Amino acid sequence: MAIDASVLVLNGPNLNMLGVREPHIYGSLTLDDLEAACQERAEQLGLAMDFRQSNHEGELVTWIQQARTEHDGIVINAGAYTHTSVAIMDALILAELPVVEVHLSNIFKREPVRHHSYITGVAKGMICGFGPHGYLLALDAMQRILGRD
């Protein structure tokens, strides 16, 4: 079902190291592999997708602000900024777009510092613990959200 919508998929710090960083937690897929899988799913869902990664909080904030006029929804894995960034939370509020939060690992089964998310309070929902498949689930969820609005 083509719904002619655009989704920004944002990835935060250290996600550029997928495939190398702690494969027992994050798996062996690279960020390029993940982007290809997301692109395929987005096309199946009739979504245009803009997939980006940055290790810099300010760059992520700028992209979220730009999304306000360029996209219809945001899927975000803010990495460690999930647990620390009020600036990213504020940008997501300002964007006034539906947000789906995604994490490769189950953040609630990890260190206590990872149990709190500044994003969850502004997101429609969170998907965590399903590895790369979580991104595909997030795109499915976003298609449903946008299809109902």
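Only a predicted model underlies this, so the values are computations on that prediction, with no experimental measurement involved. The numbers attached to residues start from 1 for each chain and follow its sequence in the written order. At least 70 in pLDDT is required for a residue's local features to be given in this predicted model, at least 80 for side-chain atom pairs to be given and counted, and no such filter applies to totals for whole chains, interfaces and linings, which use all residues. Hydrogens are left out, water is left out, and the side-chain values use all remaining heavy atoms of the structure.

Undergrad: Teacher, can you tell me more about helix α4 (residues 86-95) here?
TA: Given 3.6 residues to a turn, an α-helix orients residues that are three or four positions apart in the same direction. Under the scheme applied here, a residue whose accessible area is under 20% of the maximum for its type counts as buried, over 50% as exposed, and between as partly exposed, the area being computed with a 1.4 Å probe on protein chains only. Numbered from the N terminus, helices here are DSSP runs of H or I no shorter than four residues, and strands are runs of E no shorter than two. Buried within α4 are the following residues: Ile88, Met89, Ala91, Leu92 and Ala95. Buried residues of α4 fall within an arc of 160° about the axis and therefore sit on the same side. At the N-terminal end of α4, a side-chain oxygen is found 3.4 Å from the backbone nitrogen of Ala87, two or three residues along, and the residue is Ser85. Two residues or fewer past α4, Glu96 is found with a positive phi of approximately 55°. Picture the helix axis, draw a direction to every C-beta atom, and the arc is the one those directions span. A 3.5 Å cut-off defines polar contacts: any pair of N or O atoms within that distance qualifies, except that in protein one atom must be a possible hydrogen donor and the other a possible acceptor, and neighbouring residues in sequence count only when both atoms are side-chain atoms.

Undergrad: Hey, could you run me through the packing of helix α3 (residues 57-70) against α4 in this one?
TA: A pair of packed helices is captured by two measures, namely the crossing angle of their axes and the spacing between those axes. Throughout, an axis means a line fitted to C-alpha atoms (over the contacting stretch in the case of helices), and angles, computed between N-to-C directions, take values from 0 to 180 degrees. Two elements in contact, α3 and α4, have axes whose closest approach is 8 Å; the angle formed by their N-to-C orientations is 5°. Comparing their axes, α4 and α3 come out roughly parallel. Together, Glu57, Leu60, Val61, Ile64, Gln65 and Arg68 of α3 and Ala87, Ile88, Ala91, Leu92, Leu94 and Ala95 of α4 make up the contact between the two elements. Among the residues making up the contact of α3 with α4, the classes are represented as 9 nonpolar, 1 polar and 2 charged. Angles below 35 degrees are treated as roughly parallel, those above 145 as roughly antiparallel, those between 65 and 115 as roughly perpendicular, and all remaining angles as oblique. Contacts are assigned to residue pairs with any non-hydrogen atoms lying within 4.5 Å of each other. Residues were grouped as follows: Ala, Val, Leu, Ile, Met, Phe, Trp, Tyr, Cys and Pro as nonpolar; Asp, Glu, Lys and Arg as charged; and all remaining residues, including Gly, as polar.

Undergrad: Explanation requested: the nonpolar core in the structure shown.
TA: Nonpolar side chains tend to gather and get buried jointly when the protein is soluble and globular. To define a nonpolar core, start from buried Ala, Val, Leu, Ile, Met, Phe, Trp, Tyr and Cys residues and group those joined through side-chain atoms within 4.5 Å. Formed by 26 residues in total, the largest nonpolar core has its most connected members in Val7, Val9, Cys38, Val75, Tyr135 and Leu139. Listing elements by their share of this core, those giving two or more residues are β1 (5-11), α2 (31-45), β2 (47-53), β4 (99-103) and α5 (133-148). Excluding its chain neighbours within four sequence positions, the residues that come into contact with Val7 are Leu47, Ala48, Met49, Asp50, His71, Gly73, Val75, Leu139, Met142 and Leu146. Ranked by size, the runner-up nonpolar core spans 19 residues in total, among them Ile74, Ile76, Ala78 and Tyr81.

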